[in-house]
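Close look at the chain arrangement
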Amino acid sequence: MEAKPNFFIVGAPKCGTTALYRYLRLHPNIYMPTKKEPHFFASDLGSYPAIKTMEDYTAIFRAAEPRHQRLGEASVYYLRSAVAIPDILAFNPEARIIAMFRNPVEMVHSFHSQLLYWAEETVTDFEAAWRLQEPRRRGLDLPPKSRGAFLLQYAEMARFGSQAERLLSVVPAGQAKLILYDDFAASPRQVYSEVVEFLGLPPDERTEFPRINDNKRAKVPWLRNLIRKPPPVLREAYREVKARVGRKRLDAIRQGVIERITVKERRYPLSPEFRAELVEVFRDEVALLSRLLDRDLSHWQ
C-alpha cells in the first residue's frame, strides 16, 4: 500500500514549527521526510511549492516503515494558502492538522529577519520593508530572483485570527490542534507530549528539547546570496560537480560553508512608534484568535 501522510504541521512561519518538526521526527512511531516544507497542497502560491506532482509528493514518504503509525510533513505556508487545508482533507479526510501561532508583531519582525537570511528580502530595515507591501503586491520593488511576492506581504502572513477561523471552518472537530508559541517556548516538553497524545501515539519519554532556528545573520551576505541563489551558469556547474562527487557530499560541503558564514544574533528592536502601529494593525486579528482559542491574549497588545 502506498504510504500516505496522515498529519500536517500547516504553519505559521517563525512560530516554532521547525523545532516541533525536528522533535517529532525522532519519535519511533513517526515518519517525517528529510525534506521539510514541500508545500505541495499550496497550489495558489504560484511557483513556490517545491513539489509539483502527486507522484513526487508521495515518493518522499516511501521510506516509512510499518512501525511508523503516523506519517507527516510540515509546510508553513499552508495556513497562508486559501486552498491547502481543504485540499489536504480531500486527499486524506482523516488527516490531523497542527497549527502554531505567535504574537503577530513578533512574528513579522522575526520573519523579516529570516527572509533576509534566505536572500528573499533585500531591504534590511523592517519598517522600510513593511512600507513596501503595497507596491510589492503590484509586482514593484521585488528582490531579484524572489520565489514569491506573497512572502513579502507581512501583514497577510500574520493574520492569525482569520487563518485560524478558516482552518476551523473546514477541519472536523477533534482533528485540529492549535498551539501558541508562548506555551511551546515556556514548556516544549509539555506541548510535545500533548501533540504526541493528539496523534494517538505512546509517549517516548523525551527529556531534551534544544533551541532550534534561532535568529541568524549572514556575515558575508554576497556569498550567502551566491550560494542560495546562484546564477544559471553556477547552477549548471553545481549539477555537473554533483554528478561527479555525489549529492550528499556536495550538499554537506555547501551546508558547511553556510554554517561558517552564519552568526546568531538578537534582532534590532522596533521603535516604540512602529511597534504601536503594528499592534493596532493586528488588534482585530488578535481579538479573533483570542475568542477562537478561548485564551486571554491581551499581553500581545
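The coordinates are above.
About the criteria used
Residues numbered from 1 in each chain as written. Predicted model: local features only at pLDDT ≥ 70, side-chain atom pairs only at ≥ 80, totals over all residues. Heavy atoms only, no water. Phe/Tyr/Trp six-rings, centres within 6.5 Å; stacked < 30°, edge-to-face > 60°. Helix = DSSP H or I, 4+ residues; strand = E, 2+ residues; numbered from the N terminus. Buried < 20%, exposed > 50% of the residue type's maximum accessible area, 1.4 Å probe, protein only. Salt bridge = Lys/Arg side-chain N within 4 Å of Asp/Glu carboxyl O. Axes fitted to C-alpha atoms, helices over the stretch in contact; angles between N-to-C directions. Contact = heavy atoms within 4.5 Å. Nonpolar A, V, L, I, M, F, W, Y, C, P; charged D, E, K, R; others polar.

**Re the packing of aromatic side chains**
- Going through the model one piece at a time under the given rule, you end up with 22 aromatic pairs.
- Seen from their ring centres, Tyr48 and Phe150 are 5.4 Å apart, and the 90° between their planes marks the pair as edge-to-face. Linking Tyr48 in the loop between strand 2 (30–31) and helix 2 (54–59) with Phe150 in the loop between helix 6 (133–137) and helix 7 (154–157), this pair joins segments that are 102 residues apart in sequence. By the burial criterion, Tyr48 is buried, and Phe150 matches it.
- Measuring from centroid to centroid gives 6.3 Å for Tyr77 and Phe111, while their planes differ by 75°, and the two rings are edge-to-face. Here the residue Tyr77 occupies a position in the loop between strand 3 (70–74) and helix 3 (84–91), and Phe111 occupies one in helix 4 (residues 104–118), the gap between them amounting to 34 residues.

**Examining the pattern of salt bridges**
- Enumeration according to the criterion identifies 14 salt bridges in this entry.
- Between Arg137 and Glu134 there is a salt bridge; the shortest N-O distance is 3.3 Å. In this pair, Arg137 and Glu134 are both assigned in helix 6, three residues apart and thus about one turn of the helix distant.
- Taking the relative accessible area as the measure of exposure, Arg137 reaches 47% and is therefore partly exposed.
- When its relative accessible area of 42% is taken as the criterion, Glu134 is described as partly exposed.
- Between Asp204 and Arg206 there is a salt bridge whose closest N-O contact spans 3.3 Å.
- What makes Asp204 partly exposed here is its relative accessible area of 23%.
- You can call Arg206 buried: its relative accessible area is 16%.
- In this structure, a network of salt bridges that share partners links the residues Glu127, Arg131 and Glu277.

**Some remarks on the packing of helix 8 (residues 160–170) against helix 15 (residues 283–293)**
- It is at 7 Å that the axes of helix 8 and helix 15 come closest, and there the two elements cross at 35°. Touching Phe160, Gly161, Ser162, Ala164, Glu165 and Leu168 of helix 8 are Glu285, Leu288, Leu289 and Leu292, all from helix 15.
- Its residues assigned to classes, the contact of helix 8 with helix 15 shows six nonpolar, two polar and two charged.

Functional significance is not addressed by these values, which are geometric in nature.
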